[in-house]
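# Observations on the three-dimensional arrangement
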Amino acid sequence: QVQLVESGGGLVQAGGSLRLSCAASGGAERNYAMAWFRQAPGKEREFVAVVSRDGYNYADSVKGRFTVSRDGAKNTVFLQMNSLKPEDTAVYYCAVRLTWAAVAYLTSGRAYDYWGQGTQVSVSS
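Below you will find a few notes about this structure. Small disclaimer: the values here were computed from a predicted structure and weren't measured. (Residues numbered from 1 in each chain as written. Predicted model: local features only at pLDDT ≥ 70, side-chain atom pairs only at ≥ 80, totals over all residues. Heavy atoms only, no water.)

## Considerations on the pattern of salt bridges
Going through the model one piece at a time under the given rule, you end up with 4 salt bridges. As a salt-bridge pair, Arg38 and Glu46 come within 2.7 Å of each other at their nearest N and O atoms. We classify Arg38 as buried; its relative accessible area is 6%. In this structure, Asp88 engages Arg38 in a salt bridge whose closest nitrogen and oxygen atoms are separated by 2.9 Å. Of this pair, Asp88 sits in the loop between strand E8 (76-81) and strand E9 (90-97) while Arg38 sits in strand E4 (residues 33-39), and the two are 50 residues apart along the sequence. Grouping residues by exposure puts Asp88 and Arg38 together as buried. (Salt bridge = Lys/Arg side-chain N within 4 Å of Asp/Glu carboxyl O. Buried < 20%, exposed > 50% of the residue type's maximum accessible area, 1.4 Å probe, protein only. Helix = DSSP H or I, 4+ residues; strand = E, 2+ residues; numbered from the N terminus.)

Rendered as structure tokens:
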């Protein structure tokens, strides 16, 4: 069965760094796009970053601080988070889309076929 497993979350001070990873298996490793979304307490889920076969895209709130990348086997996506801010505190979710989509659509949670369970990122001030 398809599985997406996130790891790397934790508690850090403002200005610190974390590196998240998401490993795909069960067929999801053959995909078009792997993305990161996040959801803070009491707020809606929001797009963070995506890497697809055609490029990258980031939310304005994380540009210049976060970097998304993919390993050579394309089964794992990473999110390097630098200069973390308290407003980055959220549960971070990995998502996979199997087939092509326009870059604009990849910022929508509706674009994705599978989701991981999430990993907590907490940033203290």
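Back to the write-up after that little detour.
## Re the sheet that holds strand E3 (residues 18-25)
Spatial strand order, E1-E3-E8-E7: 4 strands in an open sheet with antiparallel pairing. This sheet does not close on itself; its edge strands, each paired only once, are strand E1 (3-7) and strand E7 (66-70). Going across the sheet, the axis of each strand differs from the next one's by a mean of 15 degrees, ignoring polarity. (Pairing = 2+ DSSP bridges. Axes fitted to C-alpha atoms, helices over the stretch in contact; angles between N-to-C directions.)

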